[in-house]
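If you want the building blocks of each chain, they are given just below.
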Amino acid sequence: MGRTAAVTPATFTSFGALLRYLRLRLDMNQRDLAIAVGYSESQISRLEQNQRLPDPDTLLARFVPALELDEEPELVARLMELAHAARSRPARPPEPAAPPPEPAPAAPVFAPLPAPPNALFGREQEIAAVAGLLRRRDVRLVTLTGPGGIGKTRLALAVAAELRDEYAGRVAFVPLAAVSEPGLVPGALAQALGVEVGAGQSPEAALQQWLRDLRLLLVLDNFEQVAGAAPLISALLASAP
Ligand SMILES: Nc1ncnc2c1ncn2[C@@H]1O[C@H](COP(=O)(O)OP(=O)(O)OP(=O)(O)O)[C@@H](O)[C@H]1O
Ligand SMILES: [Mg+2]
């Protein structure tokens, strides 16, 4: 038997290379794949460059169908194997001789979402609808309104839990109930998110700098009472990717 030039799962030695191959096989660009899985284009790019750790649950739930792998268990197995390998040994830059990279800013650690007091009742459709909105590339802010006690906070928490993996755990819940003045919102946000505010720096500037390279899901609870801080939120959105 002659040698075959066929690509096998073992051909790929990094998660990023396999992901790129699977994407190109379907004639998708990074943006197409990003939309299909609810990631940003730059996240796909970083995954393909082995600069971002793949999340196994999201791979199975979103990437496998988007990459049309349902009938190809060997490729799925290899993809998961490489993903686990990447997670246990974060990727190094390809050339050891390259100048050392800038020290990465400390990865933010987000507090767990507040635990709800009872089991969630219903709301499946609302959770799916809000999560669906947030997955859209053109939607960066979703406001939940309704009478007191209707379940806005609870819904927001359920959506945040649903999307946590897609945001690589970068989901933050900031209760603003105790903040009475719009002018205090930047400081409260910086404090809640653990953003260091340098000497002579405004909390707003510190937040903008911190958010610049970060994709996160921020839940601002009870924002209505500090609605005057809306321009701050617009400015933060404008300065974040
Ligand atoms: N779908 C649900 N299943 C179970 N409990 C719920 C559900 N929705 C809301 N609750 C409970 O009802 C109470 C009120 O809900 P929640 O705090 O989310 O309302 P809210 O709209 O945020 O109120 P407020 O306007 O006062 O902030 C909470 O104890 C919450 O856990
Ligand atoms: Mg509430």
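Below, the structure is looked at part by part.

What to know about the overall build of the protein
(1) Moving on: Within the protein, the regular secondary structure consists of 10 helices and 2 strands.
(2) Moving on: In the protein, the succession of α and β elements from N to C terminus is α-α-α-α-α-α-α-β-α-α-β-α.
(3) Moving on: A total of 241 residues make up the protein; the buried ones form 34% of that total.
(4) Moving on: Summarising the internal contacts of the protein: among those between residues at least 6 apart in sequence, 71% fall at separations of at least 24.
(5) Moving on: Per element, the accessible surface of the protein, about 14500 Å² overall, is 55% carbon and sulfur.

So, the packing of aromatic side chains
(1) Moving on: Applying the stated criterion across every chain, the model contains 2 aromatic pairs.
(2) Moving on: On the numbers, 4.8 Å between centres and 35° between planes, the contact of Phe12 with Tyr21 is tilted.
(3) Moving on: Measuring from ring centre to ring centre gives 5.2 Å for Tyr39 and Phe63, while their planes differ by 85°; the resulting arrangement is edge-to-face. Of the two residues, Tyr39 is situated in the loop between helix 2 (30–37) and helix 3 (41–48) and Phe63 in helix 4 (residues 56–66); the sequence distance between them amounts to 24 residues.
(4) Moving on: Assessed through its relative accessible area of 5%, Tyr39 is described here as buried.
(5) Moving on: A cation sits over an aromatic face here: Arg215 above Tyr167, 4.1 Å from the ring centre.

A word on the site of ligand 1
(1) Moving on: Inspection of the region around ligand 1 gives 15 residues, with Phe121, Gly149, Lys152, Thr153 and Arg154 positioned closest.
(2) Moving on: A distance of 2.6 Å is found between an oxygen atom of ligand 1 and a side-chain nitrogen or oxygen belonging to Lys152.
(3) Moving on: In the model, an oxygen atom of ligand 1 is placed 2.8 Å from a nitrogen or oxygen of the Arg154 main chain.
(4) Moving on: Coverage of ligand 1 by the protein chains reaches 67% of its 630 Å² of free accessible surface.
(5) Moving on: The residue makeup of the shell around ligand 1, split by class, is 6 nonpolar, 6 polar and 3 charged.

Scoring rules and cut-offs
Residues numbered from 1 in each chain as written. Chains lettered and ligands numbered in written order. Predicted model: local features only at pLDDT ≥ 70, side-chain atom pairs only at ≥ 80, totals over all residues. Heavy atoms only, no water. Helix = DSSP H or I, 4+ residues; strand = E, 2+ residues; numbered from the N terminus. Buried < 20%, exposed > 50% of the residue type's maximum accessible area, 1.4 Å probe, protein only. Contact = heavy atoms within 4.5 Å. Areas by Shrake-Rupley, 256 points an atom, 1.4 Å probe, with all protein chains shown as cover. Phe/Tyr/Trp six-rings, centres within 6.5 Å; stacked < 30°, edge-to-face > 60°. Lys NZ or Arg CZ within 6 Å of the ring centre and 35° of its normal. Near = heavy atom within 4 Å. Polar contact = N/O pair within 3.5 Å; in protein donor to acceptor, adjacent residues only side chain to side chain. Nonpolar A, V, L, I, M, F, W, Y, C, P; charged D, E, K, R; others polar.

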